[in-house]
Amino acid sequence: MSCQICHKTEKVSKCSRCKMAFYCSEDHQQLDFKTHKKYCVKIKKTTIELNNQERYLREMPADFSLPENVFEEGAGHFWGIMETRDYMRARGQVIASLDGLGTITSLQAELVHSLDCFRLCRSDNMGFRFLTPAVFLRLDKVQECYDFIKWWCTCDPDGRYDWGNTSLPYLNIRNANMLEPIDFFGKYTCLSFLVSMTLIKYIIYKELVSLQTIQQLNSKLPSDLVEEIKAKSRVYTPKVLASSLEDTIKQVQEQLTYCFDTVDAANVHLWPALFNPKRMLAMGLPTYTSAGDVTDVQGIFAGVYEAWKRIPGAIDYVKEIYDR
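Residues numbered from 1 in each chain as written. Predicted model: local features only at pLDDT ≥ 70, side-chain atom pairs only at ≥ 80, totals over all residues. Heavy atoms only, no water.

Quick word on the pattern of salt bridges
- In this structure the tally under the stated criterion is 14 salt bridges.
- Residue Arg-91 pairs with Asp-116 through a salt bridge whose shortest N-O separation is 2.8 Å. Of this pair, Arg-91 sits in helix 4 (residues 85-101) while Asp-116 sits in helix 5 (residues 104-120), and the two are 25 residues apart along the sequence.
- Judged by its relative accessible area of 7%, Arg-91 is buried.
- A relative accessible area of 22% means that Asp-116 is categorised as partly exposed.
- Asp-140 is the partner of Arg-234 in a salt bridge, and the nearest nitrogen-oxygen pair spans 2.4 Å. (Salt bridge = Lys/Arg side-chain N within 4 Å of Asp/Glu carboxyl O. Helix = DSSP H or I, 4+ residues; strand = E, 2+ residues; numbered from the N terminus. Buried < 20%, exposed > 50% of the residue type's maximum accessible area, 1.4 Å probe, protein only.)

Thoughts on helix 5
- Taking 1.5 Å per residue, 17 residues should reach 24 Å; helix 5 reaches 24 Å between its end C-alpha atoms and fits that length.
- Where the residues of helix 5 are buried, they touch strand 2 (22-23), helix 2 (33-59), helix 3 (70-73), helix 4, helix 6 (132-138) and helix 7 (142-154). (Expected span 1.5 Å × (residues − 1). Contact = heavy atoms within 4.5 Å.)

A word on a positive patch on the surface
- Together, Lys-14, Arg-17, Lys-19, Lys-37 and Lys-44 line one region of the surface with positive charge.
- Tracing the chain through its elements places Lys-14 in strand 1 (residues 13-14). (Patch = residues over 30% accessible without salt bridge, like charges linked within 9 Å, V, L, I, M, F, W, Y side chains within 5 Å. Areas by Shrake-Rupley, 256 points an atom, 1.4 Å probe, with all protein chains shown as cover. Lys, Arg positive; Asp, Glu negative; His and termini not counted. Charge placed at Lys NZ, Arg CZ, Asp CG, Glu CD.)

Observations concerning the nonpolar core
- Ranked by internal contacts, the top residues of the largest apolar core, which has 98 residues, are Ile-200, Leu-208, Trp-271 and Trp-308.
- Other than its neighbours up to four places away in sequence, Trp-271 contacts Val-195, Thr-198, Phe-260, Val-263, Asp-264, Trp-308, Val-318 and Tyr-322. (Core = buried A, V, L, I, M, F, W, Y, C linked by side-chain atoms within 4.5 Å.)

Overview of unusual backbone geometry
- Phi is positive for His-7, which is not a glycine, with a value near 65°.
- Relative to the helices and strands, His-7 is located in the segment before strand 1.
- Classification of His-7 by relative accessible area gives exposed; the value is 55%.
- Of note, Asp-140 is a non-glycine position whose phi angle comes to about 65°, a positive value.
- Structurally, Asp-140 can be placed in the loop between helix 6 and helix 7.

Here it is in structure tokens:
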């Protein structure tokens, strides 16, 4: 954990109210107070409400629709039990507050909440899956993000998946091949998945270019640099390095362009907002969303923008495609 101001990692203390931000001194905590206060207060307030809702739900007497231990016996189809809905809404408020703060600690906590919400309600009636890809990417969990998106895109090809059947496979894709063609987008794939997959393909493209440098200049590069590049790469294997990387890079570039075009076809507001984010960020969350219009971008934009801006060159790369 590091100080929000100077990023020092030694002798830091967490905010006593929200527990989600760290500071090396009171002076730095005061410097960050104006920015931090808004979400700090929200996190504490929403967490108290969530705890109250959980306690109320656990103490509620069981009946024909409410199991004795609803958090275990009702897992998988939570939303179908009417008594759980205020609890789920309260959890959604906590998730939104943690996402808004955006520290590593708050994003980790948000991800834990979201994944447990999927355990409780497989059909994700609250729509937490639309925020989750950006959280994965902001935490540098690129493979996990790819697996998550691929599962949701392929889980129900014929509309017959039984969301209440907890014996069926669920979010079970692990270590899918991130070099593979994107042939699993459907007509109604959500904007969040499309724009996150575009960023994933850019990250993979840049890593392949770094591996190509090793391939071309291996004998001229310091061995420690070569090993560092290999260690950081998500796609490195001896087989990949021994292959024709020029062909692989071209294929991933084509996939990246395809993802870009798919985003643009789904919503013409996304890319311009990413290039000039101030106005969209100032708009905040909408009261409703509609696929294809500006509200669809508003609902996911804050997290998406944070994910993109942390990857050097990513926004500039898609801006070049956009300007062609």
